[in-house]
Amino acid sequence: MAKTLHVLGIESSCDETGVALVALHGDDLPRLLAHALYSQIDMHQAYGGVVPELASRDHIRRVLPLTQQVLRESGRTLAEIDVVAFTRGPGLAGALLVGAGVACALGAALRKPVLGVHHLEGHLLSPFLSADPPEFPFVALLVSGGHTQLMRVDGVGRYTLLGETIDDAAGEAFDKSAKLLGLAYPGGPALAILAEQGNPSAYALPRPLLKSGNLDFSFAGLKTAVMVQARKLAAAQGCELEKLPTTVRADLAASTQAAIVEVLVKKSIAALAQTGMRRLVVAGGVGANRKLREQLNAECAKRQVRVHYPEMHLCTDNGAMIAMAAAMRLQSGQQTASAVYAFDVKPRWPLQLL
Ligand code: KG4
Ligand code: ZN
């Protein structure tokens, strides 16, 4: 009978400190025992974006109390941890070093091996924690704050890039457009809420690279188009951009969301057609967007394509996805944990180079 391994995961790549414990038993899908998260959003909001130095300092404050919380909630002890996993990159260098440093110190103290995880692989595999986990192979739409990629996924660690953004990520387009509309950081969820009261066809915004014939994206021009439209409206009303009436801002928010979502949906469908695959997995923060889910569900249903998402609360950064990715890498034999505690981090690290 296979022994159950307990994998602790620590996420600290940006503005969320996440810790989780998963149990890995034989060939079964690893099971999440507990996870705890502290979001720094309130702290960074005053600055309109993430301040890297403040992020690192806050991870230091949070990571051990969160670890204690996870152990308490899972009913496990420090001594029962078999592997300590951490986010090795990509992300903010100082923030990553906190998680890596704590993980390696814990590993050394407990005489247990450590394992560095790719943050995007964490997102990519996070739907395996859901009540409706996917099966390999599938097309993945990875939409986070810094990345927008379509990948062909044949198994753990077997990722082929099909297309990606040539400039801004979809999350960035949400965040930058939201900022223009006077919404607080992080703008994506706030823009989505405002968009609910608006008319998505109020303004004709561009659908960049929709007809490019490949699977690449470009969102930088969209943000500029939103700015030009907002300035026009503000000039017509004789007011500041942020003072535009709520109905106008809601229409602009809905039109922006519609443009981003249409491009993401059409390119995902094109990727499915190109690969001949019948399964789509959506991962990353923008995967929490309800309009995106609604439209992907509708288009996939028409084509008998199964679509899988992470649980809503596991779309944005968290420790569960890091513990899960580590467990799945160990299980698939893609990686072994190491008892060398001289760690490094990779602030820039393309997933396809994993
Ligand atoms: O994956 P994530 O938590 O962090 C990165 O790895 O980057 O993604 C964060 C991104 C932000 O751009 C945020 O605005 C966006 O995900 N986001 C959303 C929603 N929730 C989070 N964008 C649109 N609609 C949402 N509901
Ligand atoms: Zn992320």
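Relevant structure appears above.
The structure presented is a predicted model; accordingly, all values stated were derived computationally and were not measured. (Residues numbered from 1 in each chain as written. Chains lettered and ligands numbered in written order. Predicted model: local features only at pLDDT ≥ 70, side-chain atom pairs only at ≥ 80, totals over all residues. Heavy atoms only, no water.)

Colleague: What exactly am I supposed to notice about helix 6 (residues 187-195) here?
Modeller: The periodicity of an α-helix, 3.6 residues per turn, causes residues three or four places apart in sequence to face the same way. Considered for burial, the residues of helix 6 that qualify are Gly187, Gly188, Leu191, Ala192, Leu194 and Ala195. Looking straight down helix 6, one finds its buried side chains confined to an arc of 165°; they lie on one side. Along helix 6, the residues that are exposed and aim more than 90 degrees away from the buried face are Pro189 and Ile193. Taken together, the buried residues of helix 6 touch helix 5 (170-180) and helix 8 (246-275). (Buried < 20%, exposed > 50% of the residue type's maximum accessible area, 1.4 Å probe, protein only. Helix = DSSP H or I, 4+ residues; strand = E, 2+ residues; numbered from the N terminus. Arc of directions from axis to C-beta. Contact = heavy atoms within 4.5 Å.)

Colleague: How should I be thinking about the site of ligand 1 in this particular structure?
Modeller: In the vicinity of ligand 1 there are 17 residues, among which His123, Gly145, Asp175, Gly285 and Asn289 approach most closely. Between ligand 1 and Gly171 there is a distance of 3.3 Å, counted from an oxygen atom to a backbone nitrogen or oxygen. The contact in question runs from a nitrogen atom of ligand 1 to an N or O atom on the side chain of Asn289, over 3.0 Å. Here ligand 1 has 550 Å² of accessible area as a free molecule, and 86% of this is covered by the chains. Mapped onto the shell around ligand 1, the elements with two or more residues apiece are helix 4 (119-125), helix 5 and helix 6. (Near = heavy atom within 4 Å. Polar contact = N/O pair within 3.5 Å; in protein donor to acceptor, adjacent residues only side chain to side chain. Areas by Shrake-Rupley, 256 points an atom, 1.4 Å probe, with all protein chains shown as cover.)

Colleague: I tried to follow the pairing of strand 7 (residues 148-155) on my own but got confused; where do I start?
Modeller: When a strand is regular, its side chains alternate between the sheet's two faces. In terms of residue burial, strand 7 counts as a mostly covered element, since 6 of its 8 residues are buried. Where strand 6 (residues 138-143) and strand 7 come together, 6 bridges link them in antiparallel fashion. Looking across to strand 7, one finds that Phe138 is bridged to Val153. Count of turn residues in the strand 6/strand 7 antiparallel hairpin: 4 residues. Relative to strand 8 (residues 158-164), strand 7 is paired through 6 bridges, and the arrangement is antiparallel. Along strand 8, the bridge assignment pairs Gly155 with Arg158. Counting the residues between successive antiparallel strands, the hairpin from strand 7 to strand 8 contains 2 residues, one of them, Gly157, with a positive phi of roughly 80°. (Pairing = 2+ DSSP bridges.)

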